[in-house]
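# Fold and geometry: a report
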Amino acid sequence: MANIIEVRGLTKRYGRSLALDGVSFNVGAGRIFGLIGRNGAGKTTLLKAILGLTPYEGSVRVFGLEAARDRSALMNEICFIADTGVLPRWLRVDHAIDYVQGVHPRFERARAEAVLAGTRIPRRARIGELSKGMITQLHLALILAIDARLLVLDEPTLGLDLIYRRQFYDTLLTDYLDKERTILLTTHQVEEVENLLTDVLFIDRGRVLLDAVVEDLPRRFLQLEVAAGQREAASALKPLYSREVLGRPVMLFENQPREVLAGLGEVHPPAIGELFVAKLTAAASPDDPSGGSSGGSSRLTTGEAA
Amino acid sequence: MKVLAMQMRREIWEHRSLWIAPLLIAVLLLVGVATLGRIQFYEGPARPATATAPFELMLLGWGVPFYLAAGIVVAVYLLDCLYGERRDRSILFWRSMPVSDTETVLAKLLVGLVVVPYATFLLSALTSVLASVILAVRHHVLVNGQVAPLWNTLMWVRMQLVMLYGLTVLLLWYAPYAAYLMLASAWARRSPYAWAFVPPVLLAVCENMVFGTNYLGRIVERGFSQVLRLAFNLNLQFAYSVGESLPLAGNAARGAVRPTGGGATDLLASPQLWLGLVVAALMIALAIRLRRYRDDS
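First things first, this report covers the structure right here in the doc. (Residues numbered from 1 in each chain as written. Chains lettered and ligands numbered in written order. Predicted model: local features only at pLDDT ≥ 70, side-chain atom pairs only at ≥ 80, totals over all residues.)

On to the sheet that holds strand E8 (residues 182–187) of chain A, then. Residue and element names in this part refer to chain A. Taken together, six strands build an open sheet; the order of strands is E6-E7-E8-E3-E9-E10 and the sheet is mixed. In the strand order of this sheet, the two ends are held by strand E6 (78–81) and strand E10 (207–213), each with one partner. If you compare each strand with its neighbour and ignore which way they point, the axes differ by 15 degrees on average. Bridging between strand E7 (residues 150–154) and E8 involves five bridges; their strand directions are parallel. Bridge assignment links Leu151 to a residue of E8, and that residue is Ile183. Seen against the sheet, helix H11 (residues 272–284) touches strand E3 (32–36), strand E9 (199–204) and E10 and runs at an angle of roughly 35 degrees to E9. (Pairing = 2+ DSSP bridges. Helix = DSSP H or I, 4+ residues; strand = E, 2+ residues; numbered from the N terminus. Axes fitted to C-alpha atoms, helices over the stretch in contact; angles between N-to-C directions. Contact = placed C-beta atoms within 7 Å.)

Written as structure tokens, this is what we have:
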């Protein structure tokens with residue numbers, strides 16, 4: 001499968017601070033690629049580099065074009081939604097459609113109209129008069145009507161309530177995914193996109209913590225609900241991370257055979273959010289890989305990752 | 001081309017004052033002319049009542065409020081056009097479209113320096129006809145007690161050409177000022193107004209303190225005095241010498257006001273004007289680069 005995005009040694013400095021530190025990865029065609037990280041981990045900077053919105057060191061090739069140099073040509077192939085706040089408030093809904101039709105060669109007006117027909121967005125209203133949910137719907141309608149090969153979403157549901165978040169991903173799934181296109185998204189609402197993603201890239205402090213295909217995760221990572229009396233035995237296997245759930249230890253293991261763990265309690269594949277916290281905790285205390293069983297786990301809660 | 005046109009339409013959608021202000025002036029002036037009382041001129045016995053002096057004066061003065069209003073809204077527009085999109089973060093939306101930064105910045109420049117000025121010119125030309133019609137119908141203008149002729153097609157055409165030519169020369173003259181405003185707009189993290197006014201003043205003061213000269217101050221001062229002269233018609237010969245140099249001017253419609261000395265033609269021949277255009281191009285190139293590589297949204 002051809003790579004749509006190839007990132008090599010991507011480094012980005014803001015003054016003295018290093019936002020990205022030698023990041024390398026590929027995104028294949030047709031993948032749904034999730035960039036997961038805490039606030040300030042470098043997710044948005046990474047997306048900006050891929051979109052050619054910021055200068056950088058290293059190489060970022062998207063559809064074979066160097067992103068920083070060929071941004072406007074690239075935008076023929078890419079659609080991009082930052083968060084909901086970026087549609088200009090003064091712009092009228094019908095003008096927004098006219099505008100995209102005027103500048104984007106792959107925009108199909110009928111598709112946008114069809115998506116909008118299912119909403120209660122008034123055509124002559126200014127965007128500033130719409131609710132946050134409506135603005136997201138409008139943005140999605142504009143973007144989905146563009147026949148682009150890559151869709152980039154940066155925290156697309158930030159600040160939306162649950163109903164709209166659901167709607168957003170539902171519309172995305174039904175309208176976009178049937179076309180076998182590629183999606184690159186960042187979010188800290190991991191659980192919302194958990195079942196959507198085909199690939200994940202964990203990123204923290206500008207470095208890649210994990211770059212994996214979601215299908216492979218259950219083979220590499222397992223979560224164990226430790227049975228009574230097995231705590232010592234389980235800890236001896238050097239879990240990546242451990243925490244207490246209702247008085248019972250729950251541990252996450254990397255590269256431990258399922259058969260071995262099965263003798264110590266109940267074994268599940270971990271949720272991506274759980275895995276993220278585990279990797280983050282392990283990375284925070286690299287000298288002590290089993291440190292998760294002591295104080296390390298209290299530093300981060302699953303809530304923050306989720 | 002289609003992209004550039006759409007990009008310019010989008011500017012007009014956003015900055016409604018660009019067309020509202022000249023239209024408002026048009027309405028106010030026409031209402032003023034329609035409701036005005038009788039205007040009387042006493043030109044003395046030497047002047048026959050058939051002279052078209054009132055018409056000519058009206059044409060000369062008619063454009064002034066239009067260009068003043070347009071000048072103000074364009075200056076405000078240029079200062080905001082590359083700053084506002086970063087302030088409200090909509091730049092992320094604009095830059096998600098396949099439009100290059102060069103196209104975007106040029107569209108903004110064209111709106112400020114071509115679309116609005118020439119649309120204002122057309123509006124002023126059109127409304128001057130309407131005003132003549134209104135005055136003619138109501139016979140409001142008397143010279144030496146007799147109704148003055150308020151229409152002379154040749155003179156009208158001549159005056160419009162004079163204005164068009166003067167406007168074009170002025171736009172070339174002011175291009176570096178416009179480019180500087182855009183650069184301030186692209187540069188400012190906050191308050192583009194401060195960036196527009198403080199650095200030139202500071203630099204001029206420093207220059208004066210260090211070298212005892214004030215070249216910079218004179219450049220700025222000269223630019224502004226030029227607009228004042230035109231706006232208030234303190235320098236009538238400015239417009240008139242242009243008219244003399246046009247082939248159409250001929251002898252047919254010699255005006256009441258006789259020009260002496262150089263004006264716009266001198267301006268065109270001056271090296272400052274062409275140097276200014278080079279500076280303007282450099283500043284626009286810089287503004288494009290800033291929009292492209294700036295990353296603070």
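All right, on to the interface of chain A and chain B then. Facing the 23 residues of chain A at the interface are 19 residues of chain B. Taken together, the elements giving at least two residues each to the side of chain A that touches chain B come down to E6 and helix H3 (93–103) of chain A. Per element, the largest residue contribution to the side of chain A that touches chain B is five residues, and it comes from H3(A). Grouping the amino acids of the side of chain A that touches chain B by side-chain chemistry returns 14 nonpolar, seven polar and two charged. (Nonpolar A, V, L, I, M, F, W, Y, C, P; charged D, E, K, R; others polar.)

The subject of this paragraph is helix H4 (residues 109–117) of chain A. Residues and elements named next belong to chain A. Of the residues making up H4, those classed as buried are Ala112, Val115 and Leu116. Seen from one end, H4 has its buried residues packed into an arc of 100 degrees, which puts them on one side. Residues Ala110 and Ala117 are exposed on H4 and point more than 90 degrees away from its buried face. The inward-facing, buried residues of H4 contact H3, helix H5 (132–144) and helix H6 (162–175). (Buried ≥ 20, exposed ≤ 12 C-beta atoms within 10 Å, placed from the backbone. Arc of directions from axis to C-beta.)

Regular strands have side chains that alternate between both faces of the sheet. Residues and elements named next belong to chain A. Taken across its five residues, E7 has five buried, putting it largely inside the fold. Neither face of E7 is open: one carries Leu150, Val152 and Asp154, the other Leu151 and Leu153, and all of them are buried. Direction of pairing for E6 relative to E7: parallel, over a ladder of four bridges. When the sheet's bridge partners are listed, Ile78 is paired in E7 with Leu150.

A separate point is helix H7 (residues 153–187) of chain B. Taking 1.5 Å of rise per residue, the 35 residues of H7(B) would be expected to cover 51 Å, and the 48 Å separating its terminal C-alpha atoms lies within 8% of that figure. At B:Tyr174, H7(B) shows its maximal kink, close to 45 degrees; a proline, B:Pro176, follows between one and four residues later. (Expected span 1.5 Å × (residues − 1). Bend = angle between axes of the 7 residues up to and from the residue.)

Packed helices, taken two at a time, are described by their axes: the angle between them and the distance between them. All names here are of chain B. Closest axis-to-axis distance for the helix H2 (residues 17–35)/helix H6 (residues 101–138) pair is 10 Å, and the angle between their directions is 15 degrees. Taken as axis vectors, H2 and H6 run roughly parallel relative to one another. With respect to the hand of their crossing, H2 and H6 are arranged in right-handed fashion. Along the contact surface, H2 presents Leu18, Pro22, Ala26, Leu29, Leu30, Val33 and Ala34, while H6 presents Val116, Thr120, Leu123, Thr127, Leu130, Ala131, Ile134 and Leu135. (Parallel < 35°, antiparallel > 145°, perpendicular 65-115°, else oblique. Left-handed = near helix turned anticlockwise from the far one by under 90°.)

Residues and elements named next belong to chain A. On the basis of which strands lie adjacent, the open sheet formed by four strands has the order E12-E13-E11-E14 and antiparallel pairing. Only two strands of the sheet have a single neighbouring strand rather than two, namely strand E12 (241–245) and strand E14 (265–268). Strand-to-strand twist across the sheet, computed as the mean angle between neighbouring axes with direction ignored, equals 25 degrees. Inspection of the sheet shows strand E11 (residues 221–226) paired to strand E13 (residues 248–254) by five bridges, in the antiparallel sense. Its bridge partner being in E13, Gln223 is matched across the sheet by Leu252. Sitting on the sheet, H11 is in contact with E11, E12 and E13, with an inclination near 125 degrees to E12.

A word on the nonpolar core. Counting 103 residues, the largest nonpolar core has A:Ile50, A:Ile78, A:Ala96, A:Leu138, A:Ala141 and A:Val152 as the members making the most contacts within it. It is H5(A) that provides the largest number of residues to this core, a total of eight residues. Mapping this core onto the domain boundaries places at least three of its residues in each of domain 1 (3–205) and domain 2 (217–305) of chain A. With sequence-adjacent residues up to four places away left out, A:Ala141 is seen in contact with A:Ala112, A:Val115 and A:Leu116. B:Cys81, B:Tyr83, B:Leu170 and B:Ala175 belong to the second largest nonpolar core, which has 43 residues in total. (Core = buried A, V, L, I, M, F, W, Y, C linked by C-beta atoms within 7 Å. Domains from an automatic or database assignment.)

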